[in-house]
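Architecture at a glance
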Amino acid sequence: MPQPPSHAIATAAEQAWAKRELNPVWARQHAQAELSSPLKEVLLAYLNWRTGAYVAAFAQIDVALAELTAPNVWRSRALNIRGGLLMMRLDFGAAHALYTEQLAVAHLCGDQLELAHAKHDLALSLLDLDSVKAVPLLHEALALFEQCNASEQAGVAHLNLGMVYQRCGNPDEAEQHYTLAVQRGQDGYDVLHILALAQLVVLHVQRGQVAAAQVHFGQLEQLPQSQDMEAEVERARASVLLTQELSRVRWAEDRGQWKESGREPPDVLQALDPATLALAMIGQANAWQAQRLTELEASLAQAEAQHAEAERRSITDLLTGLHNRQHLMTEGARRLTEGTIYAPAQAAMIDVDRFKRVNDTHGHATGDAVLREIARLLTSYALPGDLVARYGGEEFVLVRSTGQPSLIPSLEAFRLAVQDHAWTTRPVTVSIGLTVVPGDPLDAALDRADQLMYAAKRAGGNRLRHDLPRDSSRSGSQTNLLYGPERDSVC
C-alpha cells in the first residue's frame, strides 16, 4: 500500500498547487524537482490538461488515482481533473460519476474548498441534462468559494453563471457575473481575466453595444498570451465577432459617404461576407478609401484565420482527431434527412468489443491508443465524403450520404483490418450495426444502428449486422430498395 507523503513533501505540494494558475511554469518545475508520486502526477496532470497535452494528462492522472486510495484532498483533486478531461471528450456521464465521487470524498475529508469544487463541476456536467439542478449547485459553490476566500475559484463560478444566464436570455444578470469575474481576474489570474473579458465582448456585440465591446476588447488585447488553450480560443472568438461587427458599421459609414458624393455603391455588396466585401470595394472606391479597406482586409483575414481554427477545434474530438458528437448531431442529421426511400443515406454504429478489459488490464493510456488506432483505420476505409465521428467512449459513427455506394464492403474491410491488426494488447475486434436511412431523423437512425450493433455483440461480436438488401454490397445503385430483413455479413 502506498505510504502517505512526508510533511515536507505535502507542504511543498500544497505550495505548488496554490501557484498552479498564478505561476504555472514555476509550479511545473517545482513538481518535477521537489515532489514524488502521486502528488507530482496530480499537479502535472492538471498543468498538462490546461495546456492541451491531454494524452499525458490522462496517463498521469490514472497513475495518481491508482495510488491515491484514501479519501483526502489529493484524491478529490485527482477525481476533479479526470472529470474535467472527460468533459473535454464530451463524456458527460463518466464525468458526472467522478464529480459525484469527488463530492463524497470532499464530505469525508471535511475540506470546504474541495466541496465547493465538486459542487461547481458537478453543476457543469449537469447543465445540458438538468439545468434546474445545475444553477442552484453553482450558486452553492460560489457561496463556499467566497467563505474560503478563494478569489480565483469564485471568479470562475461567476464566469460560468454568466454563461448560463446569457444562454437563458438574461443578459443583464450575465453581465453582472462577467464583470465580477473580470474583477477577480485582475488579481493576477490571467486565464480567468481573458475568459471573462472575452465573454463581455461577445455579450456586448450580441446586444449591439459596439462601443462597450471595443472598450473590453482593448483591455483584452493588453493581456499577455496564455498557455491555456480554452482562453486563447475564446479570445479569438471575441476578436472575430467584434471585427465582423465593426466591418458592418464601417460599411454603413462608407455607404453614407458614397451617397454624399452623388454615387450609389453596388447593392450586391450588402449581401457579401466582410472579406469579400473588402475585396470588392477596393476595386471601386476612391484612393482615400483604398488604404482604409486594405487595412480592413488584413484585419479580417487574421480574424477569420483565428475563427477557422476555433471552429475546427469546436467540431473535433480531442483524443482521436475525428469529428465530435456535437458535429455529428448537426451535420450528420442534415445528411441523413436528405435520404429518400429511393435514394437512402446510410448510418453505421461501431463499438469496440470488450473495451473495458483493455482499460482494466493495460490502463487508460493504452486504451486511448487503441481508440486512436481504431479511428485511423476507420478513416482509411471511409470515402472522402463520409462523415466519421466519435460518438462517445469506444463508440464511433459513420454516415454516408445519399447516392453513394453501399457501406458493407467498406465496413467489412475495416472490421477485418481491426481483427488482423498487430495489437500490442489482447486482440481487438469491433461489432458494427448498419442501417439505411430514407430521410429519418438522426436519433431514429442511430437507434436502429445501435440495435443492430448490439445484435452483433449478442451473436459473439466481431461481425456486422445490417438491414440493407442482399445485393446492395455489389452495386451502389441497389441501395435504393426498401428495408430487407436483418442479416449477418461474413464473420
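The structure presented is a predicted model; accordingly, all values stated were derived computationally and were not measured.

Parameters at a glance
- Residues numbered from 1 in each chain as written.
- Predicted model: local features only at pLDDT ≥ 70, side-chain atom pairs only at ≥ 80, totals over all residues.
- Heavy atoms only, no water.
- Axes fitted to C-alpha atoms, helices over the stretch in contact; angles between N-to-C directions.
- Helix = DSSP H or I, 4+ residues; strand = E, 2+ residues; numbered from the N terminus.
- Parallel < 35°, antiparallel > 145°, perpendicular 65-115°, else oblique.
- Left-handed = near helix turned anticlockwise from the far one by under 90°.
- Contact = heavy atoms within 4.5 Å.
- Nonpolar A, V, L, I, M, F, W, Y, C, P; charged D, E, K, R; others polar.
- pLDDT = per-residue confidence, 0-100.
- Polar contact = N/O pair within 3.5 Å; in protein donor to acceptor, adjacent residues only side chain to side chain.
- Expected span 1.5 Å × (residues − 1).
- Buried < 20%, exposed > 50% of the residue type's maximum accessible area, 1.4 Å probe, protein only.
- Pairing = 2+ DSSP bridges.
- Salt bridge = Lys/Arg side-chain N within 4 Å of Asp/Glu carboxyl O.
- Core = buried A, V, L, I, M, F, W, Y, C linked by side-chain atoms within 4.5 Å.
- 1 Å grid on protein atoms, 1.4 Å probe; cavity = no way out; pocket = protein on both sides within 12 Å on 5 of 7 lines; lining within 4 Å.
- Points joined across faces, edges and corners; volume = space filled by probe spheres on them.

Some points on the packing of helix α5 (residues 73-88) against helix α6 (residues 92-109)
Two elements in contact, α5 and α6, have axes separated by 8 Å at closest approach and are oriented at 165 degrees. In terms of axis orientation, α5 runs roughly antiparallel to α6. Here α5 runs over α6; the crossing is left-handed. On α6, the residues that touch Val-73, Arg-75, Ser-76, Leu-79, Asn-80, Arg-82, Gly-83, Gly-84, Leu-86 and Met-87 of α5 are Phe-92, Ala-94, Ala-95, Leu-98, Tyr-99, Glu-101, Gln-102, Val-105 and Cys-109. In the contact of α5 with α6, the residues fall into 11 nonpolar, 5 polar and 3 charged.

Digging into the confidence of the model for the chain
For the chain, the average pLDDT comes to 81, and 80% of its residues sit at 70 or higher. Within the model, the stretch residues 263-293 combines pLDDT values under 50 with 47 contacts to residues more than four positions away or in other chains. Here residues 472-491 is modelled with pLDDT under 50, and outside its nearest four sequence neighbours on either side it reaches 54 contacts, counting other chains as well.

A look at the packing of helix α18 (residues 364-380) against helix α19 (residues 408-420)
Contact geometry of α18 with α19 gives a least axis separation of 9 Å together with a crossing angle of 145 degrees. In this structure, α18 meets α19 at a crossing whose hand is right-handed. Counted together, Ile-374, Leu-377 and Leu-378 of α18 and Phe-414, Ala-417 and Val-418 of α19 form the full contact between these two elements.

Observations regarding the side chain of His-158
Tracing the backbone shows His-158 in helix α9 (residues 151-167). There is a polar contact of 3.0 Å between the side chain of His-158 and the side chain of His-177. Those residues in contact with His-158 that sit more than four places away from it in its chain are Leu-142, Glu-146, His-177, Leu-180 and Ala-181.

Let's talk about helix α16 (residues 325-337)
Taking 1.5 Å per residue as the helical rise, α16 with its 13 residues ought to reach 18 Å, and the 17 Å between its terminal C-alpha atoms agrees with that figure. For α16, the full list of buried residues reads His-327, Leu-328, Glu-331, Gly-332, Ala-333, Arg-335 and Leu-336. Buried residues along α16 sit against β1 (345-352), β2 (387-392), β3 (395-400), β4 (430-437) and α20 (442-458). Where α16 begins, one side-chain oxygen reaches toward the backbone nitrogen of Gln-326, 3.3 Å away; that side chain belongs to Asn-324.

Considerations on the pairing of β2
By the criterion of burial, β2 is predominantly enclosed, with 5 of the 6 residues buried. With 5 bridges joining them, β2 and β3 adopt antiparallel strand pairing. Within β3, the residue paired with Arg-390 across the bridge is Phe-396. Between the antiparallel neighbours β2 and β3 lie 2 residues, among them Gly-393 with a positive phi of about 60 degrees.

Structural notes on the pattern of salt bridges
Following the criterion strictly, the structure yields 19 salt bridges and no others. The closest approach of N and O atoms between Glu-146 and Arg-184, which form a salt bridge, is 2.9 Å. Of this pair, Glu-146 sits in helix α8 (residues 131-147) while Arg-184 is found in helix α10 (residues 171-185), placing the two residues 38 residues apart along the sequence. Owing to a relative accessible area of 35%, Glu-146 belongs among the partly exposed residues under this scheme. Note that Glu-331 and Arg-334 form a salt bridge whose closest N and O atoms lie 2.5 Å from each other. Of the two residues, Glu-331 and Arg-334 are both situated in helix α16; the distance of 3 residues between them amounts to about one turn of the helix. For Glu-331, a relative accessible area of 19% corresponds to the buried category. Through salt bridges with shared partners, a single network forms among Glu-331, Arg-334, Arg-335 and Glu-338.

Examining the nonpolar core
A general tendency of soluble globular proteins is for nonpolar side chains to be buried together. If you look at the biggest cluster of nonpolar residues, it comprises 84 residues, and the most contacted ones within it are Val-42, Ile-61, Trp-74, Ile-81, Leu-85, Leu-220 and Leu-242. No other element matches helix α11 (residues 190-206), which puts 12 residues into this core. Residues within four places of Ile-81 in sequence aside, it is in contact with Trp-17, Val-42, Ala-45, Tyr-46, Trp-49 and Ile-61. Core analysis: the second largest hydrophobic core is formed by 31 residues, Leu-322, Ala-348, Val-388 and Phe-396 among them.

Comments concerning empty space enclosed by the protein
Scanning all chains against the criterion turns up 2 cavities of 30 Å³ or more. Put simply, the largest cavity is a space of about 50 Å³. Lining the largest cavity are Arg-89, Leu-90, Asp-317, Asn-324, Arg-325, Arg-390, Tyr-391, Gly-392 and Gly-393. If you tally residues by element for the lining of the largest cavity, the top one is β2, at 3 residues. For the lining of the largest cavity, the class distribution of residues is 2 nonpolar, 3 polar and 4 charged.

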